[in-house]
Every structure is written in structure tokens, then in C-alpha cells.
Amino acid sequence: MNAPDKFHRAGMASPSRRDFMKASGGLLIAFTLLDPKSIMAETVASGASTAAPPPDAARLYAWLAIRPDNTATLFTGKVDVGTGIETALAQIAAEELDFPVDKLDVVMGTTSHTVDQGPSYGSRTVRYAGPQIRHAAAAGRQALLNLAAAHFKLPAHQLAARNGAISVVGDPSKSISYGELVAGKRLDMAIDVSGKTFDMKVAPNAVVKDPSTYTVVGQPVPRKDIPAKVTGQFTYIQDVRVEGMLHGRVVRPYGVQAKLLSVDETGLKDIPGFVQVVRRDNFLGVVAETEWAAIQAADKLGSKLNPAGPQAGQAKWSDWHGLPDQDKIWDTLRTEAGSNSSVAAKGSVDMALASAPNVLKATYKTPFQMHGSIGPSCAIADVNKDRAIFWAGTQMPHQARRDMAKLLGMNPDHIELNWFEASGSYGRNGLEHVIADAALMSQAVGRPVRVQWMRWDEHGWEPKGPAIVQDLTGAVDDQGNVVAWRHHMWIPTTSNTHLIAAGLANGPEIGSTGQGRGTVTYAYTFDNADVACHGEGHVALLTAWLRSPAQFETTYAMESFIDELAAKARQDPLSFRLRYLKDPHAIAVLRAAAEAYGWKSRPSPVKEQNGGKLAQGRGIAWVNRDNSYVATIADVTVDRESGQIRVKRVVVAHDCGLVVNPDGLKNQIEGNIIQSISRTLHEEVMFDNAHVTSLDWQGYPILRFEEIPDRIDIVLVNNRPEYPSHGGGEPSTCPTAAVISNAVFDAIGARLRQTPFRPERVKAAMA
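The following paragraphs examine the structure supplied in this document. Small disclaimer: the values here were computed from a predicted structure and weren't measured. (Residues numbered from 1 in each chain as written. Predicted model: local features only at pLDDT ≥ 70, side-chain atom pairs only at ≥ 80, totals over all residues. Heavy atoms only, no water.)

1. Some remarks on the overall build of the protein
Piece 1. A count of helices and strands for the protein gives 18 helices and 28 strands.
Piece 2. Principal-axis analysis of the C-alpha atoms places the extent of the protein at approximately 80 × 80 × 45 Å.
Piece 3. Buried residues in the protein amount to 61% of all 767 residues.
Piece 4. Considering only residue pairs separated by 6 or more positions, the protein has 78% of its internal contacts joining residues 24 or more positions apart.
Piece 5. Within the structure as shown, the protein displays about 28,200 Å² of accessible surface, and the carbon and sulfur contribution to it stands at 50%. (Helix = DSSP H or I, 4+ residues; strand = E, 2+ residues; numbered from the N terminus. Buried < 20%, exposed > 50% of the residue type's maximum accessible area, 1.4 Å probe, protein only. Contact = heavy atoms within 4.5 Å. Areas by Shrake-Rupley, 256 points an atom, 1.4 Å probe, with all protein chains shown as cover.)

2. Some words on the packing of aromatic side chains
Piece 1. Tallied over the full model, the rule gives 19 aromatic pairs.
Piece 2. Judged by centre distance (5.7 Å) and plane angle (25°), the ring pair of Phe99 and Tyr178 falls under stacked. One end of the pair, Phe99, is in the loop between helix H2 (85-97) and strand E4 (104-108); the other, Tyr178, is in helix H4 (residues 178-182), and 79 residues separate them in sequence. Taken individually, Phe99 and Tyr178 each receive the classification buried, so the pair is uniform in this respect.
Piece 3. With a centroid separation of 5.4 Å and 85° between ring planes, the pair formed by Tyr128 and Phe198 is classed as edge-to-face. Highlighted residues: Tyr128 in helix H3 (residues 125-152) and Phe198 in the loop between strand E8 (193-194) and strand E9 (201-202), separated in sequence by 70 residues.
Piece 4. Residue classification places Tyr128 among the partly exposed positions, given a relative accessible area of 31%.
Piece 5. Residue classification places Phe198 among the buried positions, given a relative accessible area of 17%.
Piece 6. Members of the aromatic cluster, connected to one another through ring pairs, are Trp485, Tyr522, Tyr524, Phe526, Phe561, Phe576, Tyr580, Trp622 and Tyr629.
Piece 7. Note that Lys229 overlies the ring of Phe234, its terminal NZ or CZ placed 5.0 Å from the centroid. (Phe/Tyr/Trp six-rings, centres within 6.5 Å; stacked < 30°, edge-to-face > 60°. Lys NZ or Arg CZ within 6 Å of the ring centre and 35° of its normal.)

3. Description of the sheet that holds strand E2 (residues 64-66)
Within a beta sheet, neighbouring strands are joined by backbone hydrogen bonds and run either parallel or antiparallel to one another.
Piece 1. Spatial strand order, E2-E3-E4: 3 strands in an open sheet with mixed pairing. The open sheet has two edge strands with one neighbour each: E2 and E4. On average, adjacent strands in this sheet sit at an angle of 20° to one another, irrespective of strand direction.
Piece 2. Pairing between E2 and strand E3 (residues 72-76): 3 bridges, direction antiparallel. Within E3, the residue paired with Ala65 across the bridge is Thr73. (Pairing = 2+ DSSP bridges. Axes fitted to C-alpha atoms, helices over the stretch in contact; angles between N-to-C directions.)

Here it is, written out as C-alpha cells:
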């Protein structure tokens, strides 16, 4: 067990931020890596009497600390869910602070240590939190110059900051380190702060550097988190242990909205270590001294991979079968209530279609998909009547703190959340929900409780990406010109934030349902266009954001159908797109991808096929997601006999403006490509009228290592100081399904209009 004065680098147990400062010489937190010979899990002390609120954003110490040994810490309310933003934000701070990035650590997310900068959404951290940190660091640099001016008794403009030290201009022998200047004190200077979370303005008058002078931003700095991850020393939330904690497991209803009728506790006390059943209305859980005892107790009550029915376990549920038929989900989507919104409207599509010689119609269908997190959701709660302390891997720790205050009926200042990265964390999977599970169980037993979902809990109950159906109609004239374009989509919500445990327990309403939006960036210049969305609320399953929510699906439909029109016009797919685009960023990424690929102009499908078992094809597509542009080209091989698709090579041209860490961005792009290939070829949530039935990796297969492309070539476009940094977390996900669909058509002349492209679906398209 680690002593209480040893802290995980991303947070720790309940002592206050001020206590941390005092404990480490008055200024800041000390960090340790676990001894490689020690246990994998990290144990932290519990039993704190109070929880600490977040620091005052208007004090410089809320953002930065300098140690006496001339190392530093950046505090940020953002968290790293695998995209490398810990290192990227450190680079931004080090750049403006004139400090060695390898001596600057980052504390992320823990609510008692960090300012609420809003959730860490996939493509918005560098874009929104980057400027906040940039200005805070610039204010810190100026504060250090002022301290040095007093030290040297010279005006600040006669001093220069560099590499963590300040020296007298013209006399480098007169120099003092930041650590010596701060001398064990806090950076207790006031800075101007206005607004909240994403809109917060931090030290707006601080003088920041000209991006053309950057020496740290733009460099491929090695990610800070990788060494510990590859050597097995990294502490994920699943590894954390709290002194005196118990273990909990949830027992979910057989049917999604079934009612809990009775609980037979016979035999539970015979399980060594069993503590008690926790029931609040339809919320059911078990708590035990050991994890195995909790699993055994939950199993008796009915928590299994394949439960036989609502009455099969010792917990009896009502027989609920209210989900729509899966094979009719597309009809369900078309009849759901919602509201219509227009994305683009120009000319008269109906009149153009009426006189067009060549009209095409197509419907594109995409299923419910899940995050597929390898690590099951996990959290620890320590709740007493006066305060609650959590350890969790949520992407929105400050919001979770407020949610738990509402769930428990506490003042938010009495809630503290210690953030640890979760294995498999991204988007809104089960990590928010498991916090509430742990809260209810800890509140019931009065001790810390660690809850980890079983695999079937994760697959069955994590929020899904919604099923979406899209109708497209287009027309080309005899000269191959597009004369009409219609794209209508039916999209359920991707932002349902209701907490499962709060609903089951009949507790306060926490979260909102939201409504689907027309998440598509239409940029073509057709004379007659009609792009519209029917946005819906909850449809069938709980749905929330999954990487590139809805735009992965809408890009698939739009960029596949433009390919259909190009094929109808017998024109090269790249040239066809470029004819109808004026956006210079879109044109730039398409041209850059084509150049890197070695694109040669010709229409699809390719003629030079030998008619053998294997057919090769190429596909192209592009996207604009929040002003980050991506064009992707892929080569695929289609096995005509088995229907299997293999993606051999992928070329990505990516424009998100100035890149903070090119190596980190390329890693993220590669990850996006691999995951989106998996979503395109394999992933589909299955359900019956009661519940999700794809509850393990056989029922919900994902891409295997041998299916990863042989090459992923990446070109960064407009990576220059004059272009502001946009997000890179998600955009390269979007074109993949369209690219593969178009490549398959190029190879075999068959269109795939429903994902995933499993072999049986490919063979059906060829028939």
C-alpha cells in the first residue's frame, strides 16, 4: 500500500489541495511512479472528513505551480481519454511559460485540484482549453519576470526567460531559476477570468507569444503517459484501491424497463464475504468484502451473460418487452415524433427531379453501435452523511460532481471526484453511470464501495450510438451534371445524459434526453439542394455520444451517394467532387490525399479486373467536422467467394490547423482509422424486445489485429502558425465507411448501403 503522501500523478484521495501544497514544501503536489516491483493496483487512503471544492480560477495557483527543485505542474480540468492531450496541453503551457516540457507534469480532472473547463469532448480540448492554458501560462511567465525584476532590481524588460530560468539581458551569468524565485511559495497572484467552462476567458490581457516563434508547440514530443502504459505501471481507475473498501456489483433488470417485483436473499449470507443487498426501487446491487463474493451474489440474483428470463434469478422482474423489433427499427425511426430542421435549401429539387433524365434513389442504414470499451466501467465511492468522495474515469469530472450532489442531496462543495484514466475510456460509455451505482451502494452501507460492471453490463447498458436511416435522391443530366440533390435523415438523440441508477432508484431526474441533429456539413454547390434532418429523442435504446456522433453515419451516406452520382455520370470520383466544391480547405485535403496516394483519374468501377476470387478497388471521401477537414483514400480487397473485405492501405490528408504535437495527432488518426474500419466491417448491437442480446465479444465482434491495414499514410495540411488549432480527436473517423463502400463498388460494382459490411451482406449485394 502506498503511503498517503504518495500521490498518483492524476489525483489522489481526499486531503485538500492546500494540504497537498503544505505537504510538499508549501507549493505543490509531488508525483511518483509506482515501483515496477510493486503491485499493479494503487491503494489510496480514505476516511477524509471533508471534501475540497475546486480552486478559484482567478488565482494563478489554480493553473500552475513551481517546485523548489525547478519542476512545475499544470492543473487542468480536462482529462486525457487516450487522445494524448495531457502532453499537448503540457506543450502549450511549457511554450508560454518558457519551461522545459519534460519537467512539467499535468494534474487532470480531479475536482479539488482543477478548474472546471468543461467536459473533455473528443475534438474540443486543444481548441477550447488550449487558449485558456496558453494565457494562464503567459500570465505565469510575466509573474515570474516580475519576481525576477525585484530580485535583480532591474526592470522586467531587461530580463529574459528561457528554459525555466530568468537571466539579465547581456549578462547571462546573472541568472535565477523559477524554483529559486518562487522559493516554496504559492503563485498567489490574481488573474482576470470571466465566463465558464468552454467559454472561460483566462488572463485575456496576458502577452502571448507569436506562434511563428514556437519551439515546443509543433514538435513531436513523446507522450507522457505511454512509458507507464507499455511497462504495465500505469494506474487505471480499474486498478485503484481505497482502504477499507467493499466491492459491489449491479443486477440490472431483465427487460430494459422491467419492474423489480421481489428479491429472494436465500443463500446469499452463505457466500463468504457477502455484506448486503442494496435495493432502491428498481435499483438492485450487492456489496461484499471481496470482488468474487460480489460476483457470486449478483449471479444468484440473476446477473448473468445469458439470463434465462425475468424470473430465472432470485430477483424477480416483470415481463417487459417494450423494445421495437430490430428488423423494423428503420420503420420505427421514420415514425418517431421529433422536429425537422433544414441543413441546406437551394433552388427547387422537386422541379429539377421532374425533368431530369437520370434519377437515383438510395437509402442508407446504420445500426446501433457501442463504444466497445475493453476495460469495463468502474468507480469507487465513499459516501457518508456529510460528504462524498469519488474515484472515477469520467470524461466530465466536474459535471459528475454536480450530478452526484443532486443524486445524494448534498451541497456540491461537499463532493470531490478524484480522476484516474479508465481503460477503454472515450465518449459517454458507462463511466458516468457506474459512479452513480457506487454512490448508491456506498451510501447504503456507509463504507467505500468499488463497483465494476461485468462484461454484459457494459455491452448491455452502456449508452449506444443510435441507429440512423437516411434517404438520398439525386439526378444527373445527359452531360453528367448534378441537377438535384436531396438528403433526408432520421436521427435519434446522441446526447441522452440521464443516469441509469437515478432512474432505476426513482431518484431525482439527472440529465436530459436531447434530440438528434443534422450532423452533416454540406458543402457542395449543386443548384438544387435539400438537406434536412428529422431529429428525435430517445428511440429504443439509451443513446449518447460515440466517436463523431452521427457524423460518421451522415458522412457515410453523403459521400457514398456522391460516388453513386459520379458513377452514373461515368466520371472520376475525385474530379466529380472537386467540380462542386469551393471550400479551399476541402479542396486542399482532397488534392493532398490524391497526391500522396498517387491517384489516377478514371471512373468507377474499375475495368481491369481479372474476374478471379479477389477483387481490388479504391475509394475516396472527405469531411468537415467542426472546421477540421479530412480526406481519406483506401485500397480494399474483396473476396468474391467469402464476401470478406480487407482494407490494405489508407491515405489520410488532415487539416486541423496548427498541430501542437504531430506525432500525437498521427497516433490519434491511426486509432480513428482502425476503430472506424471496425465499426464499418463488424459492429452492430443486437437486441430483442426486452434487452440487448450482443453481450460479449462474440455477439459484438470488433476488428482483429490481423485485419489492421498494412499501411496508413498521413499528410498534415495547413499545419502552419497562421492557422488556429482545431480538433483532431474525431474527424478522421468520419469518411471511413464511405471510403470502404466506394472502394468495394470500385472493386466489384456492388453498392453497400447498410453497415456493418459483414460477409453475408457483401455476398447479398453481389447476388
